[in-house]
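# An overview of the molecular structure
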Amino acid sequence: MVDKYLYQDIPDRLVIVMIERVISTGFILVFLAAILMASVQFFVPLSVKSDFDSLCRIALIKMESEGKLTEETKASLYCGLEGRGFKDIKINGPESSQYGEMIKLVVKASYQYYSLTKIFLGEVKSLNLEFNKSCISRKIVN
Amino acid sequence: MLIFACIIIFILLPLFAYCYEKYVAYLKLNVIKDAVDMSILSSYNAINSQVLAGSSIDICIQKANQNFTTLLASNLNLDGQLNPLDKSIVDGQIQIKDIIFHPNASKPSVQCELSFPIKPCFFREIIRIISGKSSFDITFREIVEIPVDK
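Because the structure is predicted, anything quoted here is derived from the model rather than measured.

Within chain A, the secondary structure is distributed over 4 helices and 3 strands. Within chain A, the proportion of its 142 residues that are buried is 18%. Taking contacts inside chain A between residues at least 6 apart in sequence as the whole, the part at least 24 apart equals 63%.

Okay, structure coming up:
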């Protein structure tokens, strides 16, 4: 009963304008959210590559001092990458090396993430990553 | 709607581009610093083992320089003149401004200063017209301790 007395003096035109405003504001907010989401997703591949590189670099430093890619280092790198959501992980490194020899660590993996392709549509994309760096063995083999 | 369009074009897009450029530059700098670290560590290989048992260490500077350049080129996908090859993260030639070996310091170390150009990812033409440059030079100095296990 109270509502009926409150709203009876509001003209129909004003009600229509208010409904229009609510719809347009809602549309703008959704559009802005989509733009923000799309812009944040631009950073995902960069961030993933950075994580991937830092994990591989730790293994490369261990490999440099140990002179080879040990099973322990390999397993640790594999677990680290798998824990961050990487798939199809392939790790290659030398099994032995001489002091002063150049050794190479090659790691390949893929990462799947959700990305907006059109303004309100998205799909799962796959990002293929590769780490291919060298160092000089520091391990003295007697 | 006009205000909304203006906010997107004049505030959100430039802000996003600025953040993205900064982040890309930061990541590139990190990758290059990592490569420089690994290359400097290779100077360990240039230590003269004949005098390693003494109180000071002796480094063959020429060999250390050669190791450094070879490893840097290999890790950043560069040619012999440190120009980028295909799929290199670097946008132009890396310039080694200064490389100093400190073999007789209390902690033997190598000090290195490099500069590399970086090209903007977005609004390249607008930035080129405004600043008159197509790329910007980033210079950094790195000091890395040489691992010495006597």
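Still to come is the rest of the account.
Below, the discussion takes up helix α1 (residues 2-41) of chain B. Residues separated by three or four positions in an α-helix point in the same direction, a consequence of the helix having 3.6 residues per turn. In a regular helix each residue adds 1.5 Å, so 40 residues correspond to 58 Å; α1(B) covers 57 Å between its end C-alpha atoms and thus fits that length. Along α1(B), the helix axis deviates most sharply at B:Ile8, where the bend reaches about 35°. The complete set of buried residues in α1(B) reads B:Ile32, B:Ala35, B:Val36, B:Met38, B:Ser39, B:Ile40 and B:Leu41. Buried residues belonging to α1(B) abut α3 (44-66) and β3 (122-136) of chain A together with α2 (61-76), β2 (109-118) and β3 (136-145) of chain B.

Across the contact, 20 residues belong to chain B and 16 residues belong to chain A. Elements represented by at least two residues in the side of chain B that touches chain A include exactly α1 and α2 of chain B. Broken down by element, the side of chain B that touches chain A gets its largest block of residues, 12 residues, from α1(B). Partitioning the side of chain B that touches chain A into residue classes produces 14 nonpolar, 5 polar and 1 charged.

To continue, consider the sheet that holds strand β2 (residues 102-116) of chain A. All names here are of chain A. With antiparallel pairing, 3 strands are arranged side by side in an open sheet as β1-β2-β3. The open sheet terminates on both sides in strands that have one partner only, identified here as β1 (86-92) and β3. For this sheet, the mean angle separating the axes of adjacent strands, direction not counted, is 10°. Note: β1 against β2, 5 bridges, orientation antiparallel. Following the sheet pairing, Asn92 is matched in β2 by Val106.

Rules behind the numbers
- Residues numbered from 1 in each chain as written.
- Chains lettered and ligands numbered in written order.
- Predicted model: local features only at pLDDT ≥ 70, side-chain atom pairs only at ≥ 80, totals over all residues.
- Helix = DSSP H or I, 4+ residues; strand = E, 2+ residues; numbered from the N terminus.
- Buried ≥ 20, exposed ≤ 12 C-beta atoms within 10 Å, placed from the backbone.
- Contact = placed C-beta atoms within 7 Å.
- Expected span 1.5 Å × (residues − 1).
- Bend = angle between axes of the 7 residues up to and from the residue.
- Nonpolar A, V, L, I, M, F, W, Y, C, P; charged D, E, K, R; others polar.
- Pairing = 2+ DSSP bridges.
- Axes fitted to C-alpha atoms, helices over the stretch in contact; angles between N-to-C directions.

By themselves these figures say nothing about function.
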